[in-house]
Amino acid sequence: MNHFIRKTRLPLKFGLIGKPVEHSLSPLMMNTVFNELKINAIYVAFEVDESQFQDAIKGLSALKFSGFNVTIPYKEKIIEFCDSIGKKASIVNAVNTVKIIDGECLKCYNTDVDGVVATFKRRGIDTKGMETLIIGAGGAAKSLIIAFDMLGIKKIFILNRTKTRALMLAKLLQSRIDAKIVILDGEIENIIEEVDIIANATPVGMYPNIHECPLPETFILKDHIVFDVVYNPIETKLLKLARKKGAVAVSGVDMLVYQGAATVRIWLNVDPPIEKMRKVVINKLRGWYNQS
Ligand code: NAP
């Protein structure tokens, strides 16, 4: 165990700030990590109003938190408070993990990108030279674009409900990556056989709208790898259809767990119990689903 963990007898404190945070799975996942690794630490979610955002950040430092996660709607807003910012966070202009050094210095990272990279690497999918279709152009899409570029994907088609947002995303990211970004106007039929991966980066299909699908069934082919960032339900309608067609179906649960694992490595420099993290997340999601 490293020095950082042994030095104090008070629990290390970690948190999550966002709004809303009520249904976040991070407290469950992180406290499971601490229990499993017998680390004297706690993780608490805080719902923070925008008008009190700065006070909340100062408060976490004053209370000697060792780090915190940032979620919607503050992933960009946090940047002005960062003392240093990791490369991936800087490219996507979004931070989801902060490490507090000596109660004052905020080192900021983006582990959503790591979550996507690990999702594909851990499955042994060789993505080099592949082409992908991303549906959506928000925060998750940004992380996917950077991750896919890191994975050696050569062409990324983006289809978004609001085309101007997709164009802005391409403008922001194209000069920073090798993969070529192509914005679609809706003409999916021309490219669907060309792409290897279909990735949903919208909330379409998320609970309670579980019968929605971001793409007509006919566009899902058996040779596709279909990845959905949505993790509630674990298997979305899109993934069900993919499985039915014989395609590879990858749930957003993987991204969630691997981004959490990357955060744990940043905060504590330890190997997280990934399978245990996945198990508690899946059990919790199944519990929610069975109650509904
Ligand atoms: P965001 O920044 O608000 O972007 C949402 C995107 O989805 C936009 O491109 C939006 O299109 C599109 N969209 C929203 N509703 C739509 C609809 N009904 N039909 C078509 N397009 C729609 O949100 P985000 O942060 O990217 O999050 C997107 C999803 O990813 C959420 O469900 C979130 O929970 C999930 N997520 C999962 C993980 C994970 O670890 N698995 C991590 C991050 C996010 P417009 O531009 O037209 O509005």
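Note: the structure precedes this text.
Below is a short write-up of the structure.

Definitions and cut-offs
Residues numbered from 1 in each chain as written. Predicted model: local features only at pLDDT ≥ 70, side-chain atom pairs only at ≥ 80, totals over all residues. Heavy atoms only, no water. Patch = residues over 30% accessible without salt bridge, like charges linked within 9 Å, V, L, I, M, F, W, Y side chains within 5 Å. Areas by Shrake-Rupley, 256 points an atom, 1.4 Å probe, with all protein chains shown as cover. Salt bridge = Lys/Arg side-chain N within 4 Å of Asp/Glu carboxyl O. Buried < 20%, exposed > 50% of the residue type's maximum accessible area, 1.4 Å probe, protein only. Axes fitted to C-alpha atoms, helices over the stretch in contact; angles between N-to-C directions. Helix = DSSP H or I, 4+ residues; strand = E, 2+ residues; numbered from the N terminus. Parallel < 35°, antiparallel > 145°, perpendicular 65-115°, else oblique. Left-handed = near helix turned anticlockwise from the far one by under 90°. Contact = heavy atoms within 4.5 Å. Nonpolar A, V, L, I, M, F, W, Y, C, P; charged D, E, K, R; others polar. Pairing = 2+ DSSP bridges. Near = heavy atom within 4 Å. Polar contact = N/O pair within 3.5 Å; in protein donor to acceptor, adjacent residues only side chain to side chain. Domains from an automatic or database assignment.

Another point: a nonpolar patch on the surface. There is a patch of nonpolar side chains on the surface, built from Ile42, Val44 and Phe46 and spanning about 210 Å² of accessible area. Residue Val44 is classed as partly exposed on the basis of its relative accessible area, which comes to 33%.

Before going further, it helps to spend a moment on the packing of helix H5 (residues 112-122) against helix H6 (residues 139-150). Each pair of packed helices can be described by the angle between their axes along with the distance between the axes. Relative orientation of the contacting elements H5 and H6 amounts to 50°, with a least axis distance of 8 Å. In terms of axis orientation, H5 runs oblique to H6. Where H5 crosses over H6, the handedness of that crossing is right-handed. When H5 is examined against H6, the residues Asp112, Val113, Val116, Val117 and Phe120 are found in contact with a partner set consisting of Ser143, Leu144, Ile146, Ala147, Phe148 and Met150. In terms of residue class, the contact of H5 with H6 is made up of nine nonpolar, one polar and one charged.

Moving on, we come to the sheet that holds strand S12 (residues 248-250). The strand order S9-S8-S7-S10-S11-S12 describes an open sheet built from six strands, whose pairing is parallel. Each edge of the open sheet carries a strand with a single partner, namely strand S9 (180-183) and S12. Strand-to-strand twist in this sheet, taken as the mean axis angle between neighbours without regard to direction, amounts to 20°. Where strand S7 (residues 131-135) and strand S8 (residues 155-159) come together, five bridges link them in parallel fashion. Residue Ile135 lies in a different strand from S8, and its bridge partner there is Leu159. On top of the sheet, H6 reaches S7, S8, S9, strand S10 (197-200) and strand S11 (225-228); it is set at about 170° to S7, its chief contact. Lying over the sheet, helix H7 (residues 163-173) contacts S8 and S9, oriented at roughly 165° with respect to S9.

Neighbouring the ligand are 20 residues, the closest being Ala137, Ala140, Asn160, Thr162 and Val229. Here an oxygen atom of the ligand and a side-chain polar atom of Arg165 are 3.0 Å apart. In isolation the ligand has 940 Å² of accessible area, and contact with the protein removes 76% of it. Looking at the shell around the ligand, the elements that each hand over two or more residues are H6 and helix H9 (252-268). Of all the elements, H9 adds the most residues to the shell around the ligand, at three residues. A breakdown of the residues in the shell around the ligand according to their chemical character gives 11 nonpolar, seven polar and two charged. Both domain 1 (2-110 + 255-291) and domain 2 (113-250) contribute no fewer than three residues apiece to the shell around the ligand.

Along the chain, Lys19 connects to Pro20 via a cis peptide bond; the corresponding omega equals 5°. Each neighbour pair has its own omega, and for Asn232 with Pro233 the value is 10°, a cis peptide bond. Note that Pro233 resides in the loop between S11 and helix H8 (237-245). The backbone of Asn93 sits at a positive phi, close to 55°, despite the residue not being glycine. With respect to the helices and strands, the residue Asn93 is situated in the loop between helix H4 (87-92) and strand S5 (97-101). A relative accessible area of 34% places Asn93 in the partly exposed class. In the Ramachandran plot, Asn269 falls in the positive-phi region, its phi being about 55° despite a non-glycine side chain. Take Asn269: it is sitting in the loop between H9 and helix H10 (274-291).

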